[in-house]
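Architecture and fold: a report
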Amino acid sequence: GISTSSGIPDYRGTQGVDTLAGLGQTTDKVTKDEDDDDVDVDYTKLVPTVAHRGLSEMMSRDLLHYVITQNCDDLHAKSGIPPKAMSEMHGNVFVEYCEKCFHEYRRTYCVDLYSTDCYNEAWYVRCRTCGHNHYTGRKCSHKGCKGKLKDTIVNFGDDLHEKVLGGLDEAIKQARQADVIMCLGSSLTVTPASDLPTMAADLVICNLQETQHDKLAKVRLYAQCDIFMDMLLQHFRSSSSLSSSSPTSSSSSSSSSST
C-alpha cells in the first residue's frame with residue numbers, strides 16, 4: 001500500500017492484516033482482541049510518504065489531475081493534494097459531514113472516536129448496513145441547518161458516498177476522462193473502486209502482488225510505491241531541466257492516480 005511506509009499496515013500484502021489473519025497470525029500493529037479489527041495507529045502523527053509527496057509534486061507540475069483513493073488516513077491532503085482534486089472513496093477519519101446539507105468539516109482529531117467506537121452515548125444509532133454507528137454527536141453550524149453530523153467512514157456493507165469527499169460520481173467522471181491511470185499499492189479487489197482503472201485509455205499498475213487487471217496494464221511494475229515514485233519524479237525533474245533550455249514546449253495529458 002502507498003501508506004505502509006508511514007506506519008500503517010496493509011491488508012492484502014504478504015504481511016497484510018487480512019493475509020495474516022487468514023493464516024491465523026497477527027501483526028504488532030493490530031489489537032490482540034480477536035473481536036476487534038481496529039489497527040493500532042495514531043493517525044494524527046502520520047506524515048505523507050515519498051509516494052504521497054510525489055503525487056503532490058506531479059499535480060503541481062500539471063502532470064496529475066485527480067486522485068482516487070480508498071485510504072482514510074488523510075495523507076494525500078497532508079501532502080498538498082487539494083480536496084477538490086480528490087475522491088476519498090472509503091471516507092476520511094478526520095472528516096465528518098452534515099446529513100442534511102452535506103457540508104464537510106475537517107477536524108484535527110479522528111472523528112470516528114465519537115462514532116464507530118461509541119455504543120452508550122445518546123447519539124448512538126446502529127447502522128442497518130454495517131452495524132456500526134456513524135453519528136458523532138455534533139450538529140452542523142451553518143445558519144439555520146443544525147443537521148446531525150456523521151463520520152465519512154465507509155464500512156463493509158455501506159454504500160459509497162455519491163458526493164461527499166469527492167464522491168463516486170466524480171471519480172467515475174475523472175476515470176473516464178483520464179488518458180492514463182496509475183494504480184499505486186492497490187490489490188484492485190474491492191469494487192466498485194477496482195473497476196475505475198479499466199475506464200482510462202492507458203493503465204499503469206505498481207503493486208508488489210498480482211492484480212486482476214495486470215493483463216490490461218500498459219506498464220506493470222512489481223515495486224514499492226516510494227521507490228517507483230522517487231524514480232518517476234527524478235525523470236520528470238530531469239526532463240523539466242532539459243525542456244527549460246529548449247524553445248519548444250509540450251502540453252500535459254489528463255492523468256489520474258488510484259491508491
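Throughout this description, residue numbers start from 1 for each chain and increase along the sequence as written. Confidence filtering applies because this is a predicted model: local features only for residues at pLDDT of at least 70, side-chain atom pairs given and counted only at 80 or more, and all residues used for totals across whole chains, interfaces and linings. Calculation of side-chain values draws on the structure's entire complement of heavy atoms; hydrogens and water are dropped beforehand.

Quick look at the sheet that holds strand β7 (residues 180-184) now. Strands pair in a sheet through their backbones, by hydrogen bonds, and they do so in one of two ways: parallel or antiparallel. A sheet is described by the order of its strands in space; here 6 strands give the open sequence β2-β1-β10-β7-β8-β9, paired in parallel fashion. If you trace the sheet from one side to the other, it starts and ends with β2 (86-88) and β9 (219-221), each paired once. Strand-to-strand twist across the sheet, computed as the mean angle between neighbouring axes with direction ignored, equals 15 degrees. In this structure, strand β1 (residues 66-69) lies alongside strand β10 (residues 255-258), joined through 3 bridges in parallel fashion. Considered in β10, the bridge of I68 is made with S258. The rule for pairing is simple: two strands pair if DSSP sees at least two bridges between them. A run of DSSP states H or I qualifies as a helix once it reaches four residues; a run of E qualifies as a strand once it reaches two. Both are numbered from the N-terminal end. In this analysis, axes come from line fits to C-alpha atoms, helices being fitted only over the stretch in contact, and the angle between any two N-to-C directions falls in the range 0 to 180 degrees.

It is worth spelling out the pairing of strand β3 (residues 95-98) at this point. Because side chains alternate across β3, one face comprises the buried residues V95 and Y97, and the other comprises E96 and C98, equally buried. Pairing of β3 with strand β4 (residues 104-106), which is carried by 3 bridges, proceeds in the antiparallel orientation. Pairing of E96 across the sheet is with Y105, part of β4. In this structure, the hairpin formed by β3 and β4 is closed by a connection of 5 residues, where F102 is found at a positive phi of approximately 70 degrees. Two elements, β3 and strand β6 (residues 148-151), share 3 bridges in a ladder whose sense is antiparallel. For every residue, the accessible area obtained with a 1.4 Å probe (protein chains only) is divided by the maximum for its type, and the residue is called buried under 20%, exposed over 50%, and partly exposed between those limits.

Our focus in this paragraph is the state of the cysteines. Throughout, a disulfide means two cysteine sulfur atoms within 2.5 Å of one another. Enumeration over the complete set of coordinates arrives at 0 disulfides. The thiol of C225 is not disulfide-bonded; the next cysteine sulfur, from C206, is found 4.8 Å away. The buried category is assigned to C225, whose relative accessible area is 6%.

Our next topic: the packing of aromatic side chains. Only rings of Phe, Tyr and Trp enter the pairing, Trp through its six-membered ring, and a pair is recorded when the two centres are within 6.5 Å. The plane angle decides the type: under 30 degrees is stacked, over 60 is edge-to-face, the rest tilted. Considering all chains together, one arrives at 3 aromatic pairs under this definition. Ring plane angle 75 degrees and centroid distance 5.8 Å describe the contact between Y109 and Y114, whose orientation is recorded as edge-to-face. Ring plane angle 45 degrees and centroid distance 6.0 Å describe the contact between Y119 and Y124, whose orientation is recorded as tilted. Of the residues examined, Y124 reaches a relative accessible area of 26% and is grouped as partly exposed.

Looking now at the environment of F228. With respect to the secondary-structure elements, F228 resides in helix α5 (residues 225-244). You can call F228 buried: its relative accessible area is 12%. When the C-alpha positions of F228 and V50 are compared, they lie 9.5 Å apart, and in sequence the two are 178 residues distant. Contact definition: two residues touch when any of their heavy atoms are within 4.5 Å. Here F228 is in contact with M182, L184, C206 and L221, once residues within four sequence places are set aside.

Inspection of the secondary structure assignment puts Y222 in the loop between β9 and α5. Each residue touching Y222, except ones within four places of it in the same chain, is listed here: N207, L208, Q209, E210 and D214.

The salt bridge definition used is simple: a Lys or Arg side-chain nitrogen within 4 Å of an Asp or Glu carboxyl oxygen. Tallying each qualifying case throughout the model produces 10 salt bridges. The closest approach of N and O atoms between D169 and K163, which form a salt bridge, is 3.3 Å. The exposure class of D169 is partly exposed, given its relative accessible area of 36%. We note a salt bridge from K218 to D202, for which the minimum N-O separation is 3.8 Å. With a gap of 16 residues between them, K218 in the loop between β8 (202-206) and β9 and D202 in strand β8 connect regions that are remote in the sequence. K218 sits in the exposed class, given a relative accessible area of 62%. Here the salt bridges share partners, and the residues they tie into one network are E57, R61 and R237.

This next bit is on unusual backbone geometry. In this model, T191 is joined to P192 through a cis peptide bond whose omega is 0 degrees. Positive phi is not limited to glycine here, since D62 has a value of about 65 degrees. Mapped onto the fold, D62 is located in the loop between α2 (50-60) and β1.

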